[in-house]
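So you can see what is in the structure, the chains are spelled out below.
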Amino acid sequence: MRIVFIGPPGAGKGTQAALVVGRYGIAHLSTGDMLRAARDAQTEIGKLADQYMSAGQLVPDDVILKIVQERLRSDDCRRGYLLDGFPRTLAQAEALDQMLAQEGTPLDVVLELRVPEEELFQRLSGRGRADDKPEVIRQRLVAYRQQTEPLLDYYQRRRLLQTIDGLGSVEEIFQRIQKVLDPLAKHSGPQIQ
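Basis of the calculations
Residues numbered from 1 in each chain as written. Predicted model: local features only at pLDDT ≥ 70, side-chain atom pairs only at ≥ 80, totals over all residues. Heavy atoms only, no water. Axes fitted to C-alpha atoms, helices over the stretch in contact; angles between N-to-C directions. Helix = DSSP H or I, 4+ residues; strand = E, 2+ residues; numbered from the N terminus. Contact = heavy atoms within 4.5 Å. Nonpolar A, V, L, I, M, F, W, Y, C, P; charged D, E, K, R; others polar. pLDDT = per-residue confidence, 0-100. Pairing = 2+ DSSP bridges. Buried < 20%, exposed > 50% of the residue type's maximum accessible area, 1.4 Å probe, protein only.

Considering the packing of helix α5 (residues 90-103) against helix α7 (residues 134-157)
Then comes step 1: One way to put it is that α5 packs onto α7 with a least axis distance of 9 Å and a crossing angle of 35°. Each of Leu90, Ala93, Glu94, Leu96 and Asp97 in α5 lies in contact with α7, whose residues at this interface are Pro150, Leu151, Tyr154 and Tyr155.
Then comes step 2: When the residues that make up the contact of α5 with α7 are grouped by side-chain class, the tally is seven nonpolar, no polar and two charged.

Side note on the side chain of Gln178
Then comes step 1: Tracing the sequence through the fold places Gln178 in helix α8 (residues 170-188).
Then comes step 2: Beyond its immediate stretch of four places on either side in the chain, Gln178 contacts Arg23, Tyr24, Glu171 and Pro183.

Describing the confidence of the model for the protein chain
Then comes step 1: Scored by pLDDT, the protein chain comes out at a mean of 90, with 97% of its residues at no less than 70.
Then comes step 2: Ranking the elements of the protein chain by mean pLDDT puts helix α2 (residues 31-41) last with 88 and strand β5 (residues 161-165) first with 97.

Things to note about the sheet that holds strand β1 (residues 2-6)
Then comes step 1: Spatial ordering of the open sheet is given by β2-β3-β1-β4-β5, a layout of five strands whose pairing is parallel. Either end of the sheet is taken by a strand with one partner, and the two such strands are β2 (27-30) and β5. Averaged over all adjacent pairs, the angle separating strand axes in this sheet is 25°, with direction ignored.
Then comes step 2: Pairing geometry for β2 and strand β3 (residues 81-84), over four bridges, is parallel. Looking at the pairing, Ser30 lines up with Asp84 of β3.

Description of the pairing of β1
Then comes step 1: Of all five residues in β1, four are buried, a share of seventy percent or more.
Then comes step 2: Examined bridge by bridge, β1 and β3 share four bridges and lie parallel to one another. In the sheet register, Phe5 faces β3, and the bridge partner there is Asp84.
Then comes step 3: Both β1 and strand β4 (residues 109-114) contribute to a ladder of four bridges, which runs parallel. Along β4, the bridge assignment pairs Ile3 with Val109.

Below you can see the structure in the form of structure tokens.
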């Protein structure tokens, strides 16, 4: 089962991603983790990514795509994976689809965890982190909306998007996710844990 997981800061994506990965026995692929792993492994692409990261710059799409491609070829991704934090832009989504088409392994579903902005604001401002000041939260939510809305439209047109209501208890939200994923898991064959 190949999943892209999309959700704004404060939606509870990390919590739900851990539950999905545990239940369906698939790899959890976070862009940040992949970049750090490539850098630490000192692969050619990892060294290249490190030059951007060390300078505090965004790693270009072509470099991220190569890292993602390398990672998707790992043994633990054979049963499936959940991509978290990638793609972030329309260009990345199109490039990912092209790459997966060449490999013959298209995405099964794109899950959007949707939470009203007022609720996100309350959740984020209640965490007490340095980057959770009201003006910073507002900027992060605006940036998310600007980057992500085109992605949602793109995946909707491709009939891959499933929107999950992100309000309620962790268990209630996970039950909604399972309603979408259980039929796919039966179809694609991985064992449910």
